[in-house]
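Inside the fold
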Amino acid sequence: MAATLDLKKINKTIKIFAVAQFGLIAILIYTAINFQQRLHEVNRGYRFMNGVIYAFVIQLLFFYPIFKFASKEAERDFSLVGKVQSPEEAKEFAKKKRWADVTKISVMGFYFIFALAAPADPFILSIIIYSFLLTVLTYLQCYSFTVKKLSKRA
């Protein structure tokens, strides 16, 4: 049972990613406001911008690996456009997709466990949550960017 992937499906995925990005940005803004209030309640409001800057620096460190991972996924998905796979190719594609999914779940698990293990300090939790949301946003944007770049080449 050979499968084919068309550009319409990839474009649909990009649109879903765009909606998810708006939702994540809304969550990021909501959490930022919430953590700013919590930090003011414990008389450490001055630490709010430090948390934002730390999360940004962490994101800069993670950007290249996230970009490479998202680009490989986009290229893998785009390589199937208009192509009928043989059973061996379908098996290899499924294996690569499964490993990519395991990697994404592992990253989510890392942030979840890290947030649980962290002290209940709102400053530390804010950095963890900002970093997680920015990581997901970066992945979605890099995937979309790569697909659009590949679409223009084709």
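Note that the structure is a prediction, hence the values are computed from the model and not measured. (Residues numbered from 1 in each chain as written. Predicted model: local features only at pLDDT ≥ 70, side-chain atom pairs only at ≥ 80, totals over all residues. Heavy atoms only, no water.)

1. Focus: helix α1 (residues 7–41)
The test is simple: By definition, any uninterrupted DSSP run of H or I lasting at least four residues is a helix, any uninterrupted run of E lasting at least two residues is a strand, and each is numbered from the N terminus. Multiplying 1.5 Å by the helix residue count minus one yields the expected span of that helix. Only protein chains enter the area calculation, which uses a 1.4 Å probe; residues under 20% of their type maximum are buried, those over 50% are exposed, and those in between are partly exposed.
Taking 1.5 Å of rise per residue, 35 residues should cover 51 Å, and α1 covers 51 Å from first to last C-alpha, within 8% of that figure. When α1 is considered as a whole, its buried residues turn out to be Ile10, Ile14, Phe17, Gln21, Leu24, Leu28, Thr31, Ala32, Phe35 and Leu39.

2. A look at the pattern of salt bridges
What counts, and what does not: The salt bridge criterion pairs a side-chain nitrogen of Lys or Arg with a carboxyl oxygen of Asp or Glu, the two atoms within 4 Å.
Here the structure, examined in full by the defined rule, presents five salt bridges. For Glu73, the salt bridge is made with Lys104, and the minimal N-O distance between the two is 3.4 Å. Of the two residues, Glu73 sits in helix α2 (residues 48–78) while Lys104 sits in helix α3 (residues 87–117), which places them 31 residues apart along the sequence. The class of Lys104 is partly exposed, set by a relative accessible area of 27%.

3. Remarks on the packing of α1 against helix α4 (residues 122–153)
Heads up, the rule is: The axes are straight lines fitted to the C-alpha atoms, using for helices just the contacting stretch, and the angles between their N-to-C directions are given from 0 to 180°. For classification purposes, an angle smaller than 35 degrees is called roughly parallel, one larger than 145 roughly antiparallel, one from 65 to 115 roughly perpendicular, and anything else oblique. Handedness of a crossing is defined here by the sense of rotation of the near helix relative to the far one, left-handed for an anticlockwise turn of less than a right angle and right-handed for a clockwise turn. Residues are grouped as follows: Ala, Val, Leu, Ile, Met, Phe, Trp, Tyr, Cys and Pro are nonpolar; Asp, Glu, Lys and Arg are charged; all remaining types, including Gly, are polar.
Packing of α1 against α4 leaves a shortest axis separation of 9 Å and a crossing angle of 160°. As the angle between them shows, α1 and α4 are arranged roughly antiparallel. With respect to the hand of their crossing, α1 and α4 are arranged in left-handed fashion. When its residues are assigned to classes, the contact of α1 with α4 shows 24 nonpolar, seven polar and two charged.

4. Concerning the confidence of the model for the protein chain
Basically, it comes down to this: Residue-level confidence of the predictor is what pLDDT reports, using numbers from 0 through 100.
Confidence in the prediction of the protein chain, expressed as mean pLDDT, is 89, and 95% of residues score 70 or more. α2 holds the highest mean pLDDT among the elements of the protein chain, 94, whereas α3 holds the lowest, 90.

5. What to know about the side chain of Arg76
Worth spelling out the cut-off: Counted as a polar contact is a pair of N or O atoms within 3.5 Å, where, for protein atoms, one must be capable of donating a hydrogen and the other of accepting one, and residues adjacent in sequence contribute only when both atoms are in side chains. The contact definition used throughout considers only heavy atoms, calling two residues in contact when any of these lie within 4.5 Å.
Relative to the assigned elements, Arg76 resides in helix α2. According to the relative accessible area criterion, Arg76 is buried, its value standing at 11%. Within the structure, Arg76 has its side chain in polar contact with the side chain of Asp77 (distance 3.1 Å). Filtering out sequence-adjacent residues up to four positions away, Arg76 remains in contact with Phe93, Lys96, Lys97 and Ala100.

6. A few points about a nonpolar patch on the surface
Let me state the cut-off plainly: The residues that make up patches have over 30% relative accessible area and no salt bridge, and they are joined within 9 Å when like-charged or within 5 Å when they are Val, Leu, Ile, Met, Phe, Trp or Tyr. Each accessible area is a Shrake-Rupley result for a 1.4 Å probe, and residues are judged covered by the shown protein chains and nothing else.
Nonpolar side chains collect at one region of the surface, where Met49, Val52, Ile53, Tyr54, Phe56, Val57, Leu60, Leu61 and Phe62 lie side by side and expose about 870 Å² of accessible area between them. Mapped onto the elements of the fold, Leu61 is located in helix α2. Owing to a relative accessible area of 65%, Leu61 belongs among the exposed residues under this scheme.

7. Considering the environment of Tyr139
Mapped onto the secondary structure, Tyr139 falls in helix α4. By relative accessible area, which is 11% here, Tyr139 ends up buried. Put simply, Tyr139 and Phe17 are 122 residues apart on the chain and 9.8 Å apart in space, counted from C-alpha to C-alpha. Setting aside residues up to four positions removed in sequence, Tyr139 forms contacts with Ile66, Phe69, Ala70, Glu73 and Lys104.

8. Points about the nonpolar core
The criterion, for reference: By nonpolar core we mean a set of buried residues, namely Ala, Val, Leu, Ile, Met, Phe, Trp, Tyr and Cys, connected to one another through side-chain atoms within 4.5 Å.
Within the largest apolar cluster, 29 residues are counted, with the highest numbers of intra-cluster contacts made by Tyr130, Tyr139, Tyr143 and Val147. Elements represented by at least two residues in this core include exactly α1, α2 and α4. Filtering out sequence-adjacent residues up to four positions away, Tyr143 remains in contact with Thr13, Ile14, Phe17, Ala70, Glu73, Ala74 and Asp77.

9. Quick word on the packing of aromatic side chains
Applicable threshold: When the centres of two rings from Phe, Tyr and Trp lie within 6.5 Å, Trp using its six-membered ring, the rings pair. Their planes under 30 degrees apart give stacked, over 60 give edge-to-face, and anything left gives tilted.
What the rule picks out here adds up to nine aromatic pairs. Relative to Tyr130, the ring of Phe35 has its centre 6.1 Å away and its plane inclined at 90°; by these criteria the two rings are edge-to-face. Residue Phe35 is found in helix α1, and its partner Tyr130 is found in helix α4; the two are separated by 95 residues along the sequence. Judged by relative accessible area, which is 5%, Tyr130 ranks as buried. Taking the centre distance of 5.4 Å and the plane angle of 65° together, the rings of Phe110 and Tyr111 count as edge-to-face.

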